[in-house]
Structure formats: structure tokens, C-alpha cells
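The residues making up each chain are set out below.
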2 protein chains.
Amino acid sequence: MTNVLVIGTGGVGAIVAYGIDYTGKSNLSVVVRRDYEKVLQKGWQITSCDYGEIKNWKPANIFPSIEAARKIEYDFVVITTKNLPDITPLHELITPVITPAKTSIILMQNGFDLGTPFIEKYPENVVISGVSMIGSHNNNGTITHIQPDKTTIGFFDNPNLSKEFQESKTKEFISIYNNDKNSSVYNSNTKETRYRKLVYNASLNSVAALTGIDTGRLLLSGGMESISIPIMREIKQVAKADGVILPDDIINTMVHSDDGDWYQPSMLIDVKKGNPIELEVIVGNLSRVAHKLNVPTPTLDLVYLLLKVVQFKLKESNGIITIPKEFPISDKYYE
Amino acid sequence: MTNVLVIGTGGVGAIVAYGIDYTGKSNLSVVVRRDYEKVLQKGWQITSCDYGEIKNWKPANIFPSIEAARKIEYDFVVITTKNLPDITPLHELITPVITPAKTSIILMQNGFDLGTPFIEKYPENVVISGVSMIGSHNNNGTITHIQPDKTTIGFFDNPNLSKEFQESKTKEFISIYNNDKNSSVYNSNTKETRYRKLVYNASLNSVAALTGIDTGRLLLSGGMESISIPIMREIKQVAKADGVILPDDIINTMVHSDDGDWYQPSMLIDVKKGNPIELEVIVGNLSRVAHKLNVPTPTLDLVYLLLKVVQFKLKESNGIITIPKEFPISDKYYE
């Protein structure tokens, strides 16, 4: 039977894992860190818009760490954690569960240009992209799934492997994930899928996080037009230089996408909770690709630099970095 | 006797008022709003690094409003309030206490290009600038004054009046304010004094407020070099186009000015307390002058736009603006 490992069982990860188990075509393992004891004893309690009420659900194998999960040789490793490469370099950490030339890695995470470090580290493996539209929260092992799981799946092109092989592995993953309740569709243009999501995330999510305001108020305050839309225009130019033509009306679509809601996007919620933000994969990678392609992105770049300062603060308050007790005075001359 | 009115009796205003009273050359009135009843009964309690312990100090006249203060015709009206023209347009509000061609107006406040709206509104009056280095706080009518009062005083050039007349009025004000405890010096180059202070306030104070970090951490996080110093360079160019050559080492001086402290500048403290920030006079006026002089200030401009969104949020939370309960959906097309 196909061996699947899911790493990261927050709101999204638990529903992804349940979906794979529900489909029933694989031997499912999960890595659960914080809730390990609770899940081992009682499983998960799930209230799902797709699957209904599920009590005490447990997958076949539950491991407390990636290291502990290495006893099985996996066909697919699905990563659904928050994406914080500046804090947790997952491409390094998953080595124990990756079999070269065998294990396909599915990145079901936010962000842009995610495949690169994985393809560099595992040049013989297929790296798959999952862009999920799901809404689901984990509150101490109780999962509340409110927005249906619709996932667009494709592969990050690995130049060492044939497209046919990568496509077949991707479709094999879809076959063990897709079921009558969820919807996962194959899309051959992973780059475009990621760029589309980025038009929202790098412009609205980022500016909301920086200014501390929901997207509805961002529109009312004028910030949508003065800051977020200029960033969207920059992203369109980056995409174009990167071979992706985004739809003409994409800016209008994104501006109106939260119509009716005072919607708080993910990075704003993280800042409010004092959690680190997915800055590098949402804004940083895009800014770096823009520079590589010589596309000027001055608005995006400055928002990135400002959010790096915010991230520094969030890392300090989470004990990820420490600063000296005494202010370290230097005689460096600034001009 | 010279009639003086002080408007704004926060930490700074109370010490300025006490200094004028201590000098003893004028009939002093003050407008006290929030603490009116308390001050009328018991006066102020002051602990001052310049003046020592003062119990129950009361000036000659205490008024609860500008309107109530109009019964006297003033020679000098000293404004020491927080400077929020987007919320409180003081040049409009002080009309009852300004006698045309008689009353000189002293703006002892933060910010840049402050004189313009006052000179436009009161073309026959002298408008004086006070840039204060004082540190003083008002906690419910108890004043704690910790950093000595050193003030640089000059005039905002009013083209309708002779320089000699403006200078004589300015020096007359210094003579009724200066005493053996404080230090107020005349400086003929008001513009340069304001630009110097702005190099700090528009670059460090602004970015600290936007990112929620003190100036020491801003340096450690890299934001000083990536954001604040580029803004300082922009300000130097604006000053140059405006006829003011700032010292070569001004950037180094400003970067090192908080050495040894994890210092929280005023706008950061305001954001943390949930109070509106002095955005328009610190950042907005500078951005507008830069545009008028055709000096590109892209970093400053974007920080300004971002802080305008923050100010929107602060105004809403202070009840200064209200937003509709229901999200107002429009069919405006954005491109």
C-alpha cells in the first residue's frame, strides 16, 4: 500500500490528513508535536463542512517527531505546516523521512517559489505544489473546518526529472487525496497558480499585517489604492518577466475579493497573536525573484524591509532570537 | 504688564507655563481642559529637574476653554499642545484669543512647516517657533519633569512683516520666558532648526511607530540602515533644495543619538497607547514640501502612506471617525 506521511496538523493539516484517510488508498502516518499525547489517547475531534462530525479520529500511525517517523519508507510526504524558512528550514528537517528518487514531497503551504530549496536538496525527487482554499482551525486538538477544501495541485518543475514522470507522480497523489467530499484539481501551471495567490497575499495580507488593519478598512482608509494596488501592479510585471501573464482584471478581482467582510488575512492575525509571519515565502521570495529578473518593485521591497523589522520583533517576543541586555554601542560611522 | 496665554498643559506645557510665571515678567493665563477642576482647586504638583518640588502652583488666570480665555487681549499666545492638524486645526480654533497685528503666536510643538497655516490665517501677526528638548510628563495634574528645558526659538518668516519687527517680538518673548533655571536661545534660522529635528523624527520616530520597535532594536534588526538612513538621505536633499545645508555628519549623529538606550520615540509611544500620532506635521508636511520642490522622496512617501492607514485606525479607535457597520460594497473597477 502507498505510504503517506503528513507533517503539520494544524487546522489545514488535520483536514488534509483526514481527507487522505477517508479516501482510503494509503497507509497514513502523521507527525503531531504539540498535541501528541492527546491525539494518541483520544484522536481528533472534527467538525467539518466537508465530512461532518467526527469523533476520536486516529490515523494508522502517529509520531511525535519527524525523527520518530523515519521507520517507514514513504511514497508521499505532505507538508502542511506554517511556512517559516527563516525560523524552521523544513527542507533540512525532513531528511530522515525522504528516500532519494522515491519520496514525492507535497508542499501544501502558502508562498511563492517554494520548490527551489527542496529541489536543490533532493534533486531526484518530485516536489508537488498544493494551493489550498480551505478554512480550518485547530483549537487544542479540536478541528473546526468551515470553508470547503478546494486544492489546486501541480508540480514545481525539477529540471532533473521528466515532465511526464513529475506529472504522473502528481496525479498519483491526487488519486489518493481526492474523494467525494473534497475537490483537488490538477493544474499544470504551478507558477501561475502561485502568482495569482500572491497578488492577494503580497499586497493585501502584507499591508494589513504592517498597518494592523483588516482589508475592508484598508480600502476605506485609502491604503488599498495608495499602497496595495501599486504592489499588485508590480507583481503583474514580475509575473510577466517570469513568463506568466495574469488576467487583465486580476487587480479588480483581488480588491473586491473580501467585499462584504471586515476580513483579517493570515499575517494580520499572526501579528495580532504575536506569532511570526510567513514573510519570507509571501514577500521575500517574490522580492528576490523580482531582483533576479531586474523588475523594479520599490513598493513591495520597502514593505518587505518594514515587515522584516516586525518579524525581528515577533522572533524576539517568541524567544527565537535574543538581544543583549545592554545596548551594544558601536563606533560605526553612518553616512 | 505683558499678557501671555499658554494653550495646552501637558507635561511640556505645564513646565513652559511655570517657567514664564517663574520669570515673573507677565500676567499669565492658561487654558486647561481635562484637569480644569483639579487645577482650579489645588493647582499643579510639580517635580522638576529645573525648578525642584512645587506644590499647588496656580497661574494668575485659569480658563477651561479658548473661548473662555478671550476676555483678555494677549501679547503672546503660546501653543504647547500635541500637533494634530488633521484632527484639531489649531490655527482655526485660536481665533478668539488672537488680536490682529498685536498677538504673537508661539508654536512650541513638534513638526515641520508649522507656521504656514497661521501666517495665512493671521497675516499681520508674528508667528514664533519653539523647538524644545524638554522631557516632561503630566499624570493627572502631577507633572514630572526629567530632562532640562532647552528651547531654540526663532520666527517663521511672515512676508508681510519686516524681519526686524519679527526678530524684536521673538526676543521679547524670550525675555519673558528665559530665567536662571531654563535655557532658551534665539536662532535666526528656524527652517534649519526644524529640518535638523526632522532628520530624526521623520526617519526614526516614524519607522519605530510603523514597525512597533524602539530605536535600539531598529538598529539591531537592520531597519535603521535599510529604511531610516535612506529617509535621512532624502531629507538632506529636500533641505538642500529648500536652501538649508545640513551638516555632513548629521546622519551619523542621528543614528547614534539614542546610543545606550532602548529608546521609544514619541510616535511609537502614541501608537502603543492607542493615541493619534503627529503624522501630518512630522511626515506629511515634509513629503508635501519635497513634492513642491520636485525632490524625490520615495521611502518617506511610502512610510507616510502606511502611517496614514495607521492613523485611520487610531482615529477610529478614538471615536474621531466612524466607519459603517456594514461593509459598503461598491462596484468601482480597479486597475
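As the structure is a prediction and not an experimental result, all values here were calculated from the model. (Residues numbered from 1 in each chain as written. Chains lettered and ligands numbered in written order. Predicted model: local features only at pLDDT ≥ 70, side-chain atom pairs only at ≥ 80, totals over all residues. Heavy atoms only, no water.)

Before going further, it helps to examine the interface of chain A and chain B. The partner chain B presents 50 residues to the 51 residues of chain A that form the contact. Of the roughly 4,300 Å² buried where chain A meets chain B, counting both sides, 70% is carbon and sulfur surface. Together, Val309, Phe327 and Tyr334 of chain A form the three largest contributors to the area buried by chain A at its contact with chain B, with a combined 18%. For the pair chain A and chain B, the number of links is four salt bridges. The closest approach of N and O atoms between glutamate 316 of chain B and arginine 217 of chain A, which form a salt bridge, is 2.7 Å. (Contact = heavy atoms within 4.5 Å. Buried area = accessible area lost by both parts, 1.4 Å probe. Salt bridge = Lys/Arg side-chain N within 4 Å of Asp/Glu carboxyl O.)

Here the focus is unusual backbone geometry. Despite not being glycine, asparagine 140 of chain A has its phi angle at roughly 55°, a positive value. Residue position: asparagine 140 of chain A is located in the loop between β9 (135-139) and β10 (142-147). Owing to a relative accessible area of 48%, asparagine 140 of chain A belongs among the partly exposed residues under this scheme. At asparagine 294 of chain B, a position not held by glycine, the phi torsion is positive, near 60°. On the basis of relative accessibility, which here comes to 69%, the residue asparagine 294 of chain B falls in the exposed class. (Helix = DSSP H or I, 4+ residues; strand = E, 2+ residues; numbered from the N terminus. Buried < 20%, exposed > 50% of the residue type's maximum accessible area, 1.4 Å probe, protein only.)

Our next topic: the relation of the copies chain A and chain B. Superposition record for chain A on chain B: RMSD 0.0 Å, screw rotation 180°, translation along axis 0.0 Å. Taken together, the rotation angle and the small translation identify this as a two-fold axis. When C-alpha distances to the rotation axis are compared across chain A, the minimum falls at leucine 210 of chain A, with a value of 3.7 Å. (Least-squares fit on C-alpha atoms with pLDDT ≥ 70 in both.)

Below, the discussion takes up the side chain of arginine 194 of chain B. Residue and element names in this part refer to chain B. Secondary-structure assignment places arginine 194 in helix α6 (residues 190-211). Glutamate 278 provides the closest opposite charge to the buried, salt-bridge-free arginine 194, at an N-O distance of 8.8 Å. Within the local environment of arginine 194, its side chain forms a polar contact with the backbone oxygen of leucine 107, the two atoms lying 3.3 Å apart. Aside from chain neighbours lying at most four places away, what touches arginine 194 is Leu107, Gln109, Asn110, Gly111, Phe112, Leu114, Ser129, Gly130, Val131 and Phe156. (Lys, Arg positive; Asp, Glu negative; His and termini not counted. Polar contact = N/O pair within 3.5 Å; in protein donor to acceptor, adjacent residues only side chain to side chain.)

Residue and element names in this part refer to chain A. When the domains of chain A are assigned, the result is domain 1 (2-188) and domain 2 (191-317). Of the residues lining the interface, 20 residues belong to domain 1; the matching set on domain 2 comes to 21 residues. In total, domain 1 and domain 2 occlude about 1,800 Å² of area from one another, counting both sides; carbon and sulfur atoms represent 56% of this. Considering only the surface of domain 1 that becomes buried against domain 2, Lys82, Asn110 and Phe112 emerge as the three largest contributors, covering 42% of it. Taken together, the connections running from domain 1 to domain 2 amount to two salt bridges. The shortest N-O distance in the salt bridge between aspartate 86 and lysine 315 comes to 3.2 Å. Counting only elements with at least two residues in the side of domain 1 that touches domain 2, the list comes to β8 (127-132) and β11 (150-156). (Domains from an automatic or database assignment.)

Glancing now at the sheet that holds β11 of chain A. All names here are of chain A. Strand order in this open sheet of eight strands is β5-β2-β1-β6-β7-β8-β11-β12, and the pairing throughout is mixed. Each end of this open sheet is capped by a strand with a single partner; those strands are β5 (61-63) and β12 (183-186). Within the sheet, the average angular offset between the axes of one strand and its neighbour, ignoring direction, is 20°. Pairing analysis gives four bridges linking strand β1 (residues 2-7) to strand β6 (residues 76-79), with the strands arranged parallel. Pairing of valine 4 across the sheet is with phenylalanine 76, part of β6. The sheet strands contacting helix α1 (residues 11-23) are β1, β2 (26-31) and β6, and the helix crosses β2 at an angle near 165°. Contacts between helix α6 (residues 190-211) and the sheet are confined to β7 (104-107), β8 and β11, with β8 contributing the most and set at about 35° to the helix. (Pairing = 2+ DSSP bridges. Axes fitted to C-alpha atoms, helices over the stretch in contact; angles between N-to-C directions.)

Further remarks concern the sheet that holds β10 of chain A. Residues and elements named next belong to chain A. Pairing within the open sheet is mixed, and its four strands lie in the order β4-β3-β10-β9. Looking along the sheet, the strands with just one partner apiece sit at the ends: β4 (52-57) and β9. Going across the sheet, the axis of each strand differs from the next one's by a mean of 15°, ignoring polarity. In this sheet, β10 lies alongside strand β3 (residues 44-48) in parallel orientation, the contact comprising four bridges. Looking across to β10, one finds that threonine 47 is bridged to threonine 144.

With that settled, consider the packing of helix α8 (residues 223-241) of chain B against helix α12 (residues 298-317) of chain B. Contact geometry for α8 of chain B and α12 of chain B: axes closest at 8 Å, N-to-C directions at 115°. Facing Ile227, Pro230, Ile231 and Glu234 of chain B of α8 of chain B, the residues of α12 of chain B in contact are Pro298, Thr299, Leu300 and Val303 of chain B.

Moving on, we get to the UniProt feature "domain: Ketopantoate reductase N-terminal" (unreviewed entry) in chain A. Those places that UniProt annotates as "domain: Ketopantoate reductase N-terminal" (unreviewed entry) correspond, in this numbering, to residues 4-157 of chain A. Counted over residues 4-157 of chain A, helix gives 20% and strand 36%. Its end C-alpha atoms are 22 Å apart. (UniProt positions renumbered as here; feature names shortened; annotations may be inferred.)

On to the nonpolar core, then. Ile94, Val97 and Tyr195 of chain A together with Ile94, Val97 and Tyr195 of chain B are the most contacted members of the largest nonpolar core, which totals 142 residues. When near neighbours in sequence (up to four residues on either side) are disregarded, isoleucine 94 of chain B contacts Ile7, Ile66, Ile79, Ile105, Phe118 and Tyr122 of chain B. (Core = buried A, V, L, I, M, F, W, Y, C linked by side-chain atoms within 4.5 Å.)

All names here are of chain B. Of all six residues that make up strand β1 (residues 2-7), six are buried, and the element is covered over most of its length. Burial of the side chains of β1 extends over both faces: Thr2, Val4 and Val6 are buried on one face and Asn3, Leu5 and Ile7 on the other. Here β1 pairs with strand β2 (residues 26-31) via six bridges, running parallel. Along β2, the bridge assignment pairs threonine 2 with serine 26. For the handedness criterion, the β-α-β arrangement of β1, helix α1 (residues 11-23) and β2 is classed as right-handed. (Right-handed = clockwise from strand over helix to strand, strands pointing away.)

Remark: α6 of chain A packs on α12 of chain B, axes separated minimally by 9 Å, with the N-to-C direction vectors making an angle of 60°. Accordingly, the angle class assigned to the pair α6 of chain A and α12 of chain B is oblique. You can see that α6 of chain A and α12 of chain B cross each other, and the crossing is right-handed. Of the residues in α12 of chain B, those touching α6 of chain A at Val207, Leu210 and Thr211 of chain A are Leu306, Val309, Val310 and Lys313 of chain B. (Parallel < 35°, antiparallel > 145°, perpendicular 65-115°, else oblique. Left-handed = near helix turned anticlockwise from the far one by under 90°.)

So, about the pairing of β8 of chain A. All names here are of chain A. Summarising burial for β8: six of the six residues are buried, a large majority. Bridging between β7 and β8 involves three bridges; their strand directions are parallel. When the bridges of β8 are listed, isoleucine 105 appears paired with valine 127. Bridge analysis of β8 against β11 gives six bridges, and the strand direction is antiparallel. Looking at the pairing, valine 127 lines up with phenylalanine 156 of β11.

Turning next to the pattern of salt bridges. One pass over the structure, following the stated rule, counts 30 salt bridges over all chains. Salt-bridge contacts for lysine 332 of chain A lead to glutamate 225 of chain B; the nearest nitrogen and oxygen are separated by 3.0 Å. Of this pair, lysine 332 of chain A sits in the segment after α12 (298-317) while glutamate 225 of chain B sits in helix α8, each in a different chain. By relative accessible area, which is 39% here, lysine 332 of chain A ends up partly exposed. The exposure class assigned to glutamate 225 of chain B is partly exposed, which follows from its relative accessible area of 43%. The network of salt bridges with common partners includes Asp214 and Arg217 of chain A together with Glu316 of chain B.

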